Amino acid sequence: MASHGNDVARDTYESKVPPFYYRPTFSDCQLLREQWIRAKYERQEFTHPDKQEPYSAGYREGFLWKRGRDNGQFLSRKFVLTEREGSLKYFNRNDAKEPKAVMKIEHLNATFQPAKIGHPHGLQVTYLKDNSTRNIFVYHEDGKEIVDWFNALRAARFHYLQVAFPGASDADLVPKLSRNYLKEGYMEKTGPKQTEGFRKRWFTMDDRRLMYFKDPLDAFARGEVFIGSRESGYTVLDGLPPSTQGHHWPHGITIVTPERRFLLACETETEQRAWVEAFRKVVDRPMLPQEYAVEAHFKHKP
């Protein structure tokens, strides 16, 4: 570093970073930051493109520990990623002909969640099944392996989006490859009649989908709320209506949608402020054309 200087070293060791490869920031988990440093300096993957084959080949298969949906046990499962078919599949048995699940690259997201999963290499993969969000939780004992899987998924998303949006630049596409959640945590909620008692639920804000779960590691959400933009009639208010019944945490939030109001309560003022800020960021952002289609689906949900 002393002889070359920071910029020269970066130009050398990062000369061939693929556009889809995730460049971690200080706020990312330790695994991503460590593997970035190892890939760059120890393995020199970004000066020798032939070393990028594990995540650049368009096909990857291997075994990951996957959390069982019903019993919470982690079991070894075979996963196959194929860009040609546009899917990630997993199989319950090594000799199984048919996959247990097929996840379309088009609707797939992956984000590291070590604290939630309880493993430093824990990865949460979400995809849409019948237009509802499905979660699976996986890890690999080897840090390089799970980060290679993560970047292989990003590569598959990148190549899918290049075909879907032929005029888009790399800079346009890279932010769409994977996303971290805007916010997660416990809040209390009441039902649509607002006469039921408040119940504690785990909430995840994923772009414009606010999902709530009984447990943070549930496979399916108990419910999902679409949060549109201010122009479309969505607002976020501090506090709860004076008529609110039942015992609940002291710091309320009211989400107003064109159809109804959602009443939420936070345990602390700090949490309430953080949630309100996350909601307002979404509400203040104009909706994209494709988001109107998602909103329409939510309105027609039974």
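Residues numbered from 1 in each chain as written. Predicted model: local features only at pLDDT ≥ 70, side-chain atom pairs only at ≥ 80, totals over all residues. Heavy atoms only, no water.

**Topic: the packing of aromatic side chains**
The geometry of an aromatic ring pair is captured by the separation of the ring centres together with the interplanar angle, meaning the angle of the planes. Selection rule: Each Phe, Tyr or Trp ring, with Trp reduced to its six-membered ring, pairs with another whose centre is within 6.5 Å; inter-plane angles below 30 degrees give stacked pairs, above 60 give edge-to-face pairs, and intermediate values give tilted ones. Secondary structure elements follow DSSP: runs of H or I no shorter than four residues count as helices, runs of E no shorter than two count as strands, and numbering proceeds from the N terminus. Here's how the labels work: a residue is buried when its accessible area is under 20% of the maximum for its type, exposed when over 50%, partly exposed in between, all with a 1.4 Å probe on protein chains only.
For the structure shown, the criterion picks out 19 aromatic pairs. Ring geometry for Phe20 against Tyr55: centres 6.3 Å apart, planes inclined by 75°, an arrangement best described as edge-to-face. In this pair, Phe20 sits in the loop between helix H1 (6–13) and helix H2 (30–42) while Tyr55 sits in helix H3 (residues 53–56), placing the two residues 35 residues apart along the sequence. Note on accessibility: Phe20 and Tyr55 belong to one class, buried. Relative to Tyr139, the ring of Trp65 has its centre 6.4 Å away and its plane inclined at 20°; by these criteria the two rings are stacked.

**Concerning the sheet that holds strand S2 (residues 74–82)**
Stated formally: Strand pairing is assigned whenever DSSP detects at least two bridges linking the two strands. All axes here are fitted lines through C-alpha atoms, helices being fitted over the stretch that makes contact, and every angle between N-to-C directions spans 0 to 180 degrees. Residues are treated as being in contact if the distance between any of their heavy atoms lies within 4.5 Å.
Here seven strands make up an open sheet; going across it, the order is S4-S3-S2-S1-S7-S6-S5 and the pairing antiparallel. Two strands close off the open sheet at either side, each with one partner strand: strand S4 (101–104) and strand S5 (109–112). Averaged over all neighbouring strand pairs, the angle between strand axes comes to 35°, with direction disregarded. Strand direction decides the pairing type here: strand S1 (residues 59–67) and strand S7 (residues 132–139), joined by two bridges, are antiparallel. Its bridge partner lying in S7, Lys66 is registered against Val138. Sheet strands touched by helix H5 (residues 143–164): S1, S2, strand S3 (87–91), S5, strand S6 (123–129) and S7. Its angle to S1, the strand with the most contacts, is close to 120°.

**Quick look at the pattern of salt bridges**
Our working definition: Counted as salt bridges are all cases of a side-chain nitrogen of Lys or Arg within 4 Å of a carboxyl oxygen of Asp or Glu.
By the definition in use, this model includes 21 salt bridges. The residue Lys78 makes a salt bridge to Glu61 at a minimum N-O spacing of 3.9 Å. Linking Lys78 in strand S2 with Glu61 in strand S1, this pair joins segments that are 17 residues apart in sequence. For Glu61, a relative accessible area of 43% puts it in the partly exposed group. A salt bridge links Lys183 to Glu271; the nearest nitrogen and oxygen atoms lie 3.1 Å apart. You can see Lys183 sitting in strand S8 (residues 183–189) and its partner Glu271 sitting in helix H7 (residues 269–283), a full 88 residues away along the chain. Residue Lys183 is classed as buried on the basis of its relative accessible area of 15%. Judged by its relative accessible area of 26%, Glu271 falls in the partly exposed class.

**Some words on unusual backbone geometry**
The residue Gln44 is not glycine, and still its phi comes out positive at about 50°. Here Gln44 lies in the loop between H2 and H3. Look at Asp207: it is not a glycine, yet its phi comes out positive at around 55°. For Asp207, the location among the structural elements is in the loop between strand S9 (199–206) and strand S10 (209–213).

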